[in-house]
Each structure stands twice: as structure tokens, then as C-alpha cells.
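# Understanding the architecture of this molecule
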Amino acid sequence: MTPDEVRAIAFGKPRFGRRGYDEDQVDAFLDLIAEALAGRNILTADDIHYVDFTVMPIGARSYDQAQVDMFLDEAETALIALRTPPPPVAGEAPPPGTRKWFGRG
């Protein structure tokens, strides 16, 4: 997932008679996610996981809750992957200048 993909996401409206998340709050949080994916803020996967949006009254401008929640799950996974270093490759030599120190017993 890239910052541009986050900025381009479009959510549908809730079904008739359903409530949805406040559009302005979701849009502002998407900006934070895009900046985090670009390495320009310290938003964490937990911040995404535990975000809480206002649920708007029926008929108010809002986004479908299920669509937003599914996207946030994907964004959380993407941020975790971005910030988790890859495992070392078996048999790969340590980077030059790296020394291992052993203490004396």
C-alpha cells in the first residue's frame, strides 16, 4: 500500500437507514496514514487499530463503516510490514564494519 493509494481511496455511503463514520474525521485520519506510509510521522499500527470515529446520524454525510474498517485493517497490516525489518538471509555475511563482541567470563 502506498501513500498515493491511501489518498485515492473512495468509500461508499452507508446503506439506506444505516449510520456511518464522519467523513471529515476519516479523511483526516487517511492523511495521517498516508504520511506514516511515506515515513513522515510516527503513527503506529495500534493507532490505526484503535481509532474511533464519530458515528453520524442517519442521513448525515458519512462513509460506510464496513468499508472503512476493512481498509483500516489493510492499512494496519501495511504499516506493520513497512516497519518490520526483513529477516536475515541464511548464510548472508554481516554488513561491513559490523563486529561481534564477546565478553570474558
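Here's what I pulled together on the structure shown here. Numbering of residues starts from 1 in every chain and runs along the sequence as written. Only residues with pLDDT of 70 or above have their local features reported here, since the model is predicted, and side-chain atom pairs are shown and tallied only from 80 upward, although totals for entire chains, interfaces and linings are computed over all residues. To obtain the side-chain values, all non-hydrogen atoms of the structure were included, while hydrogens and water were left out.

Looking now at the overall build of the chain. Secondary structure follows DSSP: runs of H or I at least 4 residues long count as helices, runs of E at least 2 residues long count as strands, and numbering of each begins at the N terminus. A count of helical and extended segments in the chain gives four helices and two strands. Written out in order from the N terminus, the α and β elements of the chain read α-β-α-α-β-α. Burial classes follow relative accessibility: with a 1.4 Å probe on protein chains only, a residue under 20% of its type's maximum area counts as buried, one over 50% as exposed, and anything between as partly exposed. Every one of the 105 residues in the chain was classed for burial, and the buried ones make up 29%. The criterion used for residue contact is that any of the two residues' heavy atoms lie within 4.5 Å. A fraction of 82% describes how many contacts in the chain between residues 6 or more apart in sequence connect residues 24 or more apart. Computed with the Shrake-Rupley method and a 1.4 Å probe, the accessible areas treat only the protein chains shown as cover for residues. Approximately 7800 Å² of the chain is accessible, and the part contributed by carbon and sulfur atoms is 57%.

Relative to the 27 Å expected for 19 residues at 1.5 Å per residue, helix α4 (residues 65-83) spans 27 Å between its end C-alpha atoms, a close match to the ideal helical length. Looking at the packing, one finds that the buried side of α4 touches α1 (3-8), β1 (21-22), α2 (23-37), α3 (45-49) and β2 (62-63). Polar contact is defined as a pair of N or O atoms within 3.5 Å, subject to the rule that within protein one atom must be able to donate a hydrogen and the other to accept it, and that residues adjacent in sequence are counted only when both atoms are side-chain atoms. One side-chain oxygen of the residue at the start of α4 lies 3.1 Å from the amide nitrogen of Ala 66, identifying that residue as Asp 64. To estimate the expected span of a helix, count its residues, drop one, and scale the result by 1.5 Å.

Buried residues of nine kinds, namely Ala, Val, Leu, Ile, Met, Phe, Trp, Tyr and Cys, make up a nonpolar core once their side-chain atoms join them within 4.5 Å. With 20 residues, the main nonpolar core has Val 26, Ile 33, Ile 48 and Val 68 as its most contacted residues. Taken together, the elements giving at least two residues each to this core come down to α2 and α4. Contact partners of Ile 48, with chain neighbours within four places excluded, come to Phe 29, Ile 33, Leu 43, Leu 72, Ala 75, Glu 76 and Leu 79.

Under the 1.5 Å per step criterion, the end-to-end length of α2 is 21 Å for 15 residues, consistent within 8% with the ideal 21 Å. Taken together, the buried positions of α2 are Glu 23, Val 26, Phe 29, Leu 30, Ile 33, Ala 34, Ala 36 and Leu 37. For α2, the buried positions fall inside an angular range of 155° around the axis, keeping them on one side. In this structure, the buried side of α2 is in contact with α1, β1, α3, β2 and α4. Trailing α2 by a residue or two, Gly 39 shows a phi angle of about 80°, which is positive. The directions from the helix axis to the C-beta atoms are what the arc is built from.

The next subject is the packing of aromatic side chains. Stacked, edge-to-face and tilted labels apply to pairs of Phe, Tyr and Trp rings (six-membered ring for Trp) whose centres lie within 6.5 Å, assigned for plane angles under 30 degrees, over 60, and everything in between, in that order. Tallying each qualifying case throughout the model produces four aromatic pairs. On the numbers, 5.8 Å between centres and 75° between planes, the contact of Phe 11 with Phe 71 is edge-to-face. Highlighted residues: Phe 11 in the loop between α1 and β1 and Phe 71 in helix α4, separated in sequence by 60 residues. Phe 71 carries the same exposure label as Phe 11, and that label is buried. Here the aromatic residues Phe 11, Tyr 63 and Phe 71 are joined through ring pairs into a cluster of three or more.

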